[in-house]
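Fold and geometry: a report
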Amino acid sequence: MLRSLLVPMLLAVSLLGCGDDESVNPDSGDPTKVTYAESLNVDLAEMTRLESGLYIQDTFIVEDGAQAQAGNRVQVRYTGYLPDGRSFDATGNGPAIGFTLGTGQVIAGWDEGIAGMRVGGRRRLIIPSSLGYGASGSGSRIPPYTVLIFDTELVSVR
């Protein structure tokens, strides 16, 4: 008797998570189908959309100096946000993160979005989930199919 009650209850509980939760909806990985927190001031119409679906916007342009290209070792400071406005990671005033651009050491949205920046430049990246963490998400901080917003600053290029 207990078993016959337990199975339907477990099934009902497991189905509770199968609604229209945007965090598991593949459409929520498309930057054009996401609602952004007002605090982020995201206006996709003011940004450049690349063929991959990545949106970029230079917020501080540097005309001269070293430019990030594939194969360069770069240092980047950043703050990462979820569309609801919550920051999930940041370098803050601490050390910038370093990686070799274009080699897959970071998510594809960063490899593509940092390329072309000059040292001292700042750029906002709106990264579709296909260029971020996709269907897997990343731990408990980034759900599956999440669009990521990064405010970045290129600190150095070698």
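Rules and cut-offs
- Residues numbered from 1 in each chain as written.
- Predicted model: local features only at pLDDT ≥ 70, side-chain atom pairs only at ≥ 80, totals over all residues.
- Heavy atoms only, no water.
- UniProt positions renumbered as here; feature names shortened; annotations may be inferred.
- Salt bridge = Lys/Arg side-chain N within 4 Å of Asp/Glu carboxyl O.
- Helix = DSSP H or I, 4+ residues; strand = E, 2+ residues; numbered from the N terminus.
- Buried < 20%, exposed > 50% of the residue type's maximum accessible area, 1.4 Å probe, protein only.
- Polar contact = N/O pair within 3.5 Å; in protein donor to acceptor, adjacent residues only side chain to side chain.
- Contact = heavy atoms within 4.5 Å.

The name given to the protein in an unreviewed UniProt entry is Peptidyl-prolyl cis-trans isomerase, with Myxococcus virescens as the source organism. Reading the Catalytic activity (unreviewed entry) entry of the UniProt record for the protein gives the comment "[protein]-peptidylproline (omega=180) = [protein]-peptidylproline (omega=0)".

This part covers the pattern of salt bridges. Should their charged atoms come close, side chains of opposite charge can pair. Tallied over the full model, the rule gives three salt bridges. A salt bridge links aspartate 58 to arginine 123, with the nearest nitrogen and oxygen atoms 2.7 Å apart. In this pair, aspartate 58 sits in strand E2 (residues 55-60) while arginine 123 sits in strand E6 (residues 122-127), placing the two residues 65 residues apart along the sequence. For arginine 123, a relative accessible area of 7% puts it in the buried group. The salt bridge involving aspartate 151 is made with arginine 124; its shortest N-O contact spans 2.7 Å. Here arginine 124 lies in strand E6 and aspartate 151 lies in strand E7 (residues 148-157), a separation of 27 residues in the sequence. Look at aspartate 151 and you get partly exposed, because its relative accessible area is 27%.

In this structure the side chain of arginine 123 is engaged in a polar contact, spanning 3.1 Å, whose partner is the backbone oxygen of alanine 115. For arginine 123, the residues in contact, after removing those within four places along its chain, are Ile56, Gln57, Asp58, Thr59, Gly113, Ile114, Ala115, Gly116, Met117, Phe150, Asp151 and Thr152.

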